[in-house]
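Examination of the molecular architecture
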Protein chains: 2
Amino acid sequence: MKIWKIDRGTFLRLIAICLVVLCLTCGIAYASGGSEQSIDPSKVLLALIIILLAAKLGGDLMVRIGQPAVLGELLFGIIVGNLCLCGCYSVDFIKHDVSIEALSELGVMLLLFQVGLESDLGKMMKTGISSLVVATLGVIAPFFLGWGVAAIFLPHESIYVHVFVGATLCATSVGITARVLMDLGRIKTPEARIILGAAVIDDVQGLVILAVVTGIIGAASTGATMSSLSILMIVVKATVFLIGAILIGTRLAPRLFKIAARLKAADLLLATSLGICFGFAYLATIIGLAPIVGAFAAGLILDEVHWRSFTERGEHSVDELVKPIAAFLVPIFFVKMGAGVDLSTFADPKVLIFAATLTIAAIIGKQVCGFGVLQKGLDRLSVGVGMIPRGEVGLIFAAIGSKLMIDGEKVVGNSTYSAVVIMVIVTTMITPPLLKWSLGRNAKKKGKKDQSVVLSK
Amino acid sequence: MKIWKIDRGTFLRLIAICLVVLCLTCGIAYASGGSEQSIDPSKVLLALIIILLAAKLGGDLMVRIGQPAVLGELLFGIIVGNLCLCGCYSVDFIKHDVSIEALSELGVMLLLFQVGLESDLGKMMKTGISSLVVATLGVIAPFFLGWGVAAIFLPHESIYVHVFVGATLCATSVGITARVLMDLGRIKTPEARIILGAAVIDDVQGLVILAVVTGIIGAASTGATMSSLSILMIVVKATVFLIGAILIGTRLAPRLFKIAARLKAADLLLATSLGICFGFAYLATIIGLAPIVGAFAAGLILDEVHWRSFTERGEHSVDELVKPIAAFLVPIFFVKMGAGVDLSTFADPKVLIFAATLTIAAIIGKQVCGFGVLQKGLDRLSVGVGMIPRGEVGLIFAAIGSKLMIDGEKVVGNSTYSAVVIMVIVTTMITPPLLKWSLGRNAKKKGKKDQSVVLSK
């Protein structure tokens, strides 16, 4: 992996170019008065141009220094969102524009749909009991650690906030770890299989926790406290929904595709799969779960076999069709997430220390995962390290939390939100070098062992 | 072309199935209370599901009876939009939902971007003077005919409304005629080349007229009347923008793609071309033109040559990347257009007669085009018939008109809007059979001539 190999001059020049282009765009926005007076379509267009620029320039910069592109989208989002601190308010509307929010919500749904499409139910079963134990440990430990940290740093906030912060630490981002393992040529090792399986199970467990926590907060916002029975009900509902969706969906989907294959309109494969994705997302909202839970379930049940009659006619497969749409919409979500970080909250050193402690809790919490590896002789440290990145799923939790209200106040306030995003950024940034080191260390050890075996012979 | 060949039973059964599925979905929407109480994301999801269903079922039905799919999207849009007449108000929110509107506006921009991508500047020049004369005649005649019809039927409305109705009759839909000519294997005849060239020039002239008319109405809404000098200014501005965009764009685009090719982030080709599309659309709004003018110009200047460095790496071309996004967003525009038709306006027989007269004016107006064919021995009637369909461009005009206001009233009111949509639907529906007949008639004549030549020999 050729990362970190760029001379300092080029790097600084690149950063300079990126910043200049971004500032120029924002300047044009300012000069042309992208403020209240202008009509809506021009605002949305301007926002889309700035987001595309920020996403791609930021992505380029991060890829060049060996980091995942998503980090660049977040960081440049933070820049765009905090230009108001330098007195440039002309792009501030990006944070609140309704159209951009709708596009970003569609984006995150498509992202989870894609994650679902990539996860293979059958393979998940094979990595078996180790993945399940690793995932469960990796959810429980960070959850309570995060809860504790929040309780210490935010004593004046309600218990719901503490629980929610704990929940944001649960999920593991499959994407980033998978990418690093692939780059290192280790994707087929038993450790990799355990990590990827556990990450998917983590997603499911995280979504269930999210459903429970939002359910509790939803009840609290109407003044009711929840009995343990109603909490159990939510767990049951979420579990039944996911299992039910998978059971019914795997039977229903092939029929829907068969009907679609008989229709004569164009782009039926795309329409059918998007319809299933939106349909499951809608069902999820109906029973009180987040739409992303449904989108993920829809992705899980769809399988290449279903659209064979389409691909045999020479049409593109669902992954290929969804990819450009996601490539357009997903960066909108991440840039908007970054833009939501209010850097001025860090003027309070307490928030900075909170963010740092939360990050440490997030890292330590996942090291418990190593103990879940049941097979002997495997690299437990690498499994723990591989589970560190929170990536998109932690952000999605934070985004949902910032929309929940108790007594007219946001559950995840500005400073908590900023701390969570910083935690996501740091955990995501340290994983690639850490995992590389951890796997290298293990390879050396094995190499030595092999040598000593050879010598003793 | 195997059109109209479906037995009546199958046809009726199909209509029945489509209606049942649509009603069921709307019923679910009703039962689950898709009304004011539910939160936004679930509403948007429900709207998207209904739109996808309506678009694909409607498209299937129309393709089966040999009509373009877009008609089905419009017709099923009308059904969805007028369910309130049967007392079902649960899907009425589709007409007013902000997120759906944003998606539909992006859709129409991408549609014009695609039309621009497909139009080849070089080929347009080759069909030469005939296309230009045909296009100009085909814009002037329907414009004044439409103006006259509107003046007769809407005497109490201001002159601006009459002018706007005239403007909706100008444009020709390239897509529908091209599709029919392709299906008949006549796409390479001189007549086809003249029609397609003229249709593209029509689009450009139509966009200039749209700019002028909206400019006049915009000035009128602030109480000012426009001098002929300011009208000239708008014509100059629109022309300069289009020519300037093409001149500067063709020089700038290759450089942008070159820079993009050096960046390391993913999906750069898509991001760059969407960025150019949104950028030109934004510039158009800045100087007071419709965003679609900019999107069309962006499509015109982009050329395969620009992204050769990407396709050589094995990436998809821009057309292929934009296609799935357009396939998702464009039907939203058409279903929403259909949903905007208020069938109850036709309870007034005057509106029905207005719609019928407008349709006749639209058909007769384009027959003048035949006189513009300068070459001898060509089938003038077919050229005139080929220019009849108004398709998407007429709808876009109507959509823009329904947003313009004078003295707090819509320029294109409900009944006028409905009449324009009916005109678009009828002109689009009659073209395929009419063109087939007209080309067939000509082929027979030629056949007879050839025979008589043979006989006289």
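Residues numbered from 1 in each chain as written. Chains lettered and ligands numbered in written order. Predicted model: local features only at pLDDT ≥ 70, side-chain atom pairs only at ≥ 80, totals over all residues.

**Structural notes on helix α11 (residues 291–301) of chain A**
- A large share of α11(A) lies buried, amounting to eleven of its eleven residues.
- If you check which residues of α11(A) are buried, you get P291(A), I292(A), V293(A), G294(A), A295(A), F296(A), A297(A), A298(A), G299(A), L300(A) and I301(A). (Buried ≥ 20, exposed ≤ 12 C-beta atoms within 10 Å, placed from the backbone. Helix = DSSP H or I, 4+ residues; strand = E, 2+ residues; numbered from the N terminus.)

**Some thoughts on the interface of chain B and chain A**
- Tallying the contact residues gives 42 residues for chain B and 42 residues for chain A.
- Contributing elements (two or more residues each) for the side of chain B that touches chain A: α2 (40–64), α4 (98–118), α10 (268–286) and α13 (318–339) of chain B.
- Looking at which element gives the most residues to the side of chain B that touches chain A, the answer is α2(B), with 14 residues.
- Grouping the amino acids of the side of chain B that touches chain A by side-chain chemistry returns 29 nonpolar, seven polar and six charged. (Contact = placed C-beta atoms within 7 Å. Nonpolar A, V, L, I, M, F, W, Y, C, P; charged D, E, K, R; others polar.)

**A closer look at the packing of helix α4 (residues 98–118) of chain A against helix α13 (residues 318–339) of chain A**
All names here are of chain A.
- Here α4 crosses α13 at 130°, and the two axes come no closer than 7 Å. When the axis of α4 is compared with that of α13, the two are oblique. Relative to α13, α4 is oriented so that their crossing is left-handed. Across from I100, L103, S104, L106, G107, V108, L110, L111, F113, Q114 and L117 in α4, the residues of α13 making contact are V318, D319, V322, I325, A326, L329, V330, I332, F333 and K336.
- Residue composition of the contact of α4 with α13, by class: 16 nonpolar, three polar and two charged. (Axes fitted to C-alpha atoms, helices over the stretch in contact; angles between N-to-C directions. Parallel < 35°, antiparallel > 145°, perpendicular 65-115°, else oblique. Left-handed = near helix turned anticlockwise from the far one by under 90°.)

**A closer look at the confidence of the model for chain A**
Residue and element names in this part refer to chain A.
- Looking at chain A as a whole, its pLDDT mean stands at 80, while 84% of the residues score no less than 70.
- Every residue in residues 31–39 scores below 50 in pLDDT, and together they form eight contacts with partners more than four places removed in sequence or on other chains.
- Under the prediction, the complex receives an ipTM of 0.77, its pTM being 0.79. (pLDDT = per-residue confidence, 0-100.)

**Looking at the relation of the copies chain B and chain A**
- With an RMSD of 0.0 Å, chain B superimposes on chain A once it is rotated by 180° and translated 0.0 Å along the axis. Here the symmetry operator amounts to a two-fold rotation axis.
- Here 100% of the contact residues of chain B are again contact residues in chain A; the copies associate through an equivalent surface. (Least-squares fit on C-alpha atoms with pLDDT ≥ 70 in both.)

**So, helix α14 (residues 349–367) of chain A**
- With 19 residues, α14(A) extends 27 Å between its outermost C-alpha atoms, agreeing within 8% with the 27 Å of an ideal straight helix rising 1.5 Å per residue.
- Every buried residue belonging to α14(A) is among V351(A), F354(A), A355(A), L358(A), T359(A), A361(A), A362(A), I363(A), G365(A) and K366(A), and all of these are buried. (Expected span 1.5 Å × (residues − 1).)

**Quick notes on the environment of V385(A)**
All names here are of chain A.
- Take V385: it is sitting in helix α15 (residues 380–386).
- Sequence separation of V385 and L439 is 54 residues, and the distance between their C-alpha atoms is 9.6 Å.
- Aside from chain neighbours lying at most four places away, what touches V385 is T431, L434, L435 and S438.

**Observations regarding unusual backbone geometry**
Residues and elements named next belong to chain A.
- Backbone geometry at D267 places phi at a positive 55°, although glycine is not the residue there.
- Within the secondary structure, D267 is located in the loop between α9 (228–262) and α10 (268–286).
- What makes D267 buried here is the crowd of 21 C-beta atoms within 10 Å.

**Some remarks on the packing of helix α9 (residues 228–262) of chain B against helix α11 (residues 291–301) of chain B**
Residue and element names in this part refer to chain B.
- At a closest axis distance of 9 Å, the pairing of α9 and α11 adopts a crossing angle of 45°. Classified by the angle their axes make, α9 and α11 are oblique. For the pair α9 and α11, the crossing hand works out as right-handed. Where α9 approaches α11, its residues L242, A245, I246, G249, T250 and A253 are matched on the opposing element by A297, L300 and I301.
- In terms of residue class, the contact of α9 with α11 is made up of seven nonpolar, two polar and no charged.

**A word on the environment of G146(A)**
All names here are of chain A.
- One can find G146 in helix α5 (residues 121–153).
- A residue is classified by how many C-beta atoms lie within 10 Å of it, and G146, with 26 of them, is buried.
- Between the C-alpha atom of G146 and that of L61, which follows or precedes it by 85 residues, the distance is 31 Å.
- For G146, the residues in contact, after removing those within four places along its chain, are V165, G166, T168, L169, L358 and A361.

**A word on the domain arrangement of chain A**
Residue and element names in this part refer to chain A.
- Each assigned domain of chain A is listed with its residue range as follows: domain 1 (8–96) and domain 2 (108–446).
- Listed per partner, the contact involves 20 residues of domain 1 and 20 residues of domain 2.
- Per element, the largest residue contribution to the side of domain 1 that touches domain 2 is ten residues, and it comes from helix α3 (residues 69–81).
- For the side of domain 1 that touches domain 2, the residue count by class is 13 nonpolar, five polar and two charged. (Domains from an automatic or database assignment.)

**Brief notes about the environment of V305(A)**
Residue and element names in this part refer to chain A.
- Mapped onto the fold, V305 is located in the loop between α11 and α12 (308–311).
- Under the C-beta neighbour-count criterion, V305 is labelled exposed, with 10 such atoms within 10 Å.
- Spatially, the C-alpha atoms of V305 and L117 are 12 Å apart, while their sequence positions differ by 188 residues.

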